[in-house]
Amino acid sequence: MSGAGKTVCVTGASGYIASWIVKFLLQRGYIVKASVRDPNDVVQAILRRQSTYFHLTVLKRDFICLKQTYLKKVSFDAAVDGCIGVFHTASPFYHDVKDPQVELIDPALKGTLNVLGSCAKAPSIKRVVLTSSIAAVAYNGRPRTPEVVVDESWFSDPEVCKQNKMWYVLSKTLAEDAAWKFVKEKGIDMVAINPAMVIGPLLQPTLNTSAATILNIINGTFSSVYALFRFSLIYLKVHVADSGITVVKDQAKPGVSSKCGKVEQSQKSEVSDALFLIYGFVYDGSHGGLGSAMEKLFGSLYLGWIILCGGWWSYVLKLKSEAGLETFINASFGWVNVKDVANAHVQAFEIPSANGRYCMVERVVHFSGLVEILHKLYPDFQLPEKCADDNPYTPTYQVSKERAKSLGIEFIPIEESIKETVESLKEKKLFSH
C-alpha cells in the first residue's frame, strides 16, 4: 500500500518505537503529523539535518510536529484532524516511580482516552493502531512454564498487578482495556500491538528503558551511576575494574553542548580522584547553553552533594572488590526487535483484514541466556557470572507468533537484536568498552 499524499498521526513520535514507525511511514510516502512532548528536539534535529535521528534527511515537507499534552481534553484534535490513521504510541515506561497513579497510570489511561476521543470526532480516520504491551497480556496469575503458550486471548488481571505492585503492567492493562471499551462504544476500527521488551538500534538520541536493560547487564551494578548522575549537566560513566577506577565523559545532556573533548582517564582506586574528575566536567564553563557562573554554582552544589555520598561510594567500592563480578537478575522476559514492532504497526494499519491484538515476541529468554548471548558476541566484555539469588531460575514460556506472522512479520533473531542494541549504544557513546 502506498502512502503517497495520505496523512497519518503518530503520538509520542520521538520515542523508541515511534521513531521507527515514523521512519517507515515516511519511506512509504505518508505525510506524518507527529505529536511529541517537546517539539524543539525533533524540529531542531530536522532543521540541522541530523540524519541519525530518523535516518532521513529530507523531512521538513512531510513531517509536521505538534506538542502533545497527555491529560488535557481535546489536546489531540489538531493532531488527528485530516488524518486517515492514528498510531498512538505515547505512554510512559519506566520503573523508578514515586506516585504510580500520577506518573504512569493517569498518562497511559487518560492519554489513550483523550487520543481516542479526538479520533471519534474525526470522520477521516479509518483505523487506529494502539501500542499496547505484552504487559497487558501475560500477568493474570496463570502459570507461565516452558510448555505454556501465551496468546492474544490472555488478558492481565489488574488485581494481580496491584498485589504485586507492577505499576507499569497495570498502566498498560488499564489503558488497553479502556481503549477496547471506548472504540466498541464509538465504532472506531482499532488494532493493538502487544510487544514484549523491545531492543535493537536506537534512532532517538536518548536512552530508553528497554535498551537500558541490556546496558545494565553490560555495566553491572555501576550502571546505577548512570541513574545517579542522569540529572547532571554532563552524563558520565564510572567503571570499576580490578586495576582501579575509570571515569569516562559520556554524553552532554540534550540542549547543552560541550567543548571538553574526549576525556578518559584511569586512576587508582581512590574515590577522591573520580570525584574531582566529575566535578571538572560539571564545573567547566567553556560550553554553551548555560552561563559559566551558573554552571560553577551548580558544579559547586553538585560536588558538595557528591562528597556527602563519599562514604556510600567507599562502601560500594569495598563490596565490589569483595564480590567480584556482578550478578544478573532472576527473571525471564520476552524480547523483540524494534524494527519488527514498528513494521507490525504499519502492516496492521495497511492490511484491511487486520483486527484485534497482535503479540510481538521473538523469544522468551532468562537473563542468564542474555548474558550467554552477550558473552558469545563480545567475549571481552566483563559480564555477570551468577544469579542475584539462589532460587530456581524463573521459567521461560512460549508466546504465539501465529497472528504476528499473518502481518508478514519474520522475526529478527534475538542474537541479532542484542548485537544491534550494543552497537547502537556504542555509536551513541552511551557506554565505553
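Because the structure is a prediction, the values reported are computed rather than measured.

(A) Focus on the nonpolar core. Of all hydrophobic cores here, the largest spans 66 residues; its most connected members are Val10, Leu25, Ile193, Trp335, Met360 and Val422. What isoleucine 193 contacts, discounting residues up to four positions off in sequence, is Val129, Leu130, Thr131, Ser132, Ser133, Val341, Ala344, His345, Ala348, Tyr358 and Met360.

(B) Up close: the confidence of the model for the chain. Of all residues in the chain, 65% have pLDDT values of 70 or greater, and the mean over the chain is 75. Within the model, pLDDT remains below 50 along residues 65–74, and this stretch shows 40 contacts once partners closer than five positions in the same chain are excluded. Scored below 50 in pLDDT, residues 311–324 shows 15 contacts in the model against residues more than four places distant or in partner chains.

(C) Quick look at unusual backbone geometry. Although it is not a glycine, lysine 165 adopts a positive phi angle of roughly 55°. Its relative accessible area of 62% is what places lysine 165 among the exposed residues. The backbone phi angle of lysine 429 is positive, close to 55°, even though this residue is not glycine. Here lysine 429 shows up in the segment after helix 16 (414–427).

(D) Expanded view of helix 5 (residues 100–120). Counted at 1.5 Å a residue, the expected span for helix 5 with its 21 residues is 30 Å, and the 28 Å between its end C-alpha atoms agrees. At aspartate 106, helix 5 shows its largest bend, some 45°, and a proline, proline 107, comes one to four positions later.

(E) Spatial organisation of the pairing of strand 1 (residues 7–11). Counting buried positions along strand 1 yields five of five residues, so the element is predominantly enclosed. By the alternation rule, side chains of strand 1 split into Thr7, Cys9 and Thr11 and Val8 and Val10, which are all buried. Inspection of the sheet shows strand 1 paired to strand 2 (residues 31–36) by five bridges, in the parallel sense. Within the sheet, the bridge partner assigned to valine 8 lies in strand 2 and is valine 32.

(F) Layout of the sheet that holds strand 8 (residues 197–199). Pairing within the open sheet is mixed, and its three strands lie in the order 8-13-15. Edge positions in the sheet fall to strand 8 and strand 15 (363–366), since each has one partner strand and no second. On average, adjacent strands in this sheet sit at an angle of 45° to one another, irrespective of strand direction. Note that strand 8 and strand 13 (residues 332–337) share three bridges and pair parallel. Counterpart to valine 198 in the pairing with strand 13 is valine 336. Across the face of the sheet, helix 13 (residues 338–350) comes into contact with strand 8 and strand 13 while running at roughly 65° to strand 13.

Conventions used here
- Residues numbered from 1 in each chain as written.
- Predicted model: local features only at pLDDT ≥ 70, side-chain atom pairs only at ≥ 80, totals over all residues.
- Heavy atoms only, no water.
- Core = buried A, V, L, I, M, F, W, Y, C linked by side-chain atoms within 4.5 Å.
- Buried < 20%, exposed > 50% of the residue type's maximum accessible area, 1.4 Å probe, protein only.
- Contact = heavy atoms within 4.5 Å.
- pLDDT = per-residue confidence, 0-100.
- Helix = DSSP H or I, 4+ residues; strand = E, 2+ residues; numbered from the N terminus.
- Expected span 1.5 Å × (residues − 1).
- Bend = angle between axes of the 7 residues up to and from the residue.
- Pairing = 2+ DSSP bridges.
- Axes fitted to C-alpha atoms, helices over the stretch in contact; angles between N-to-C directions.

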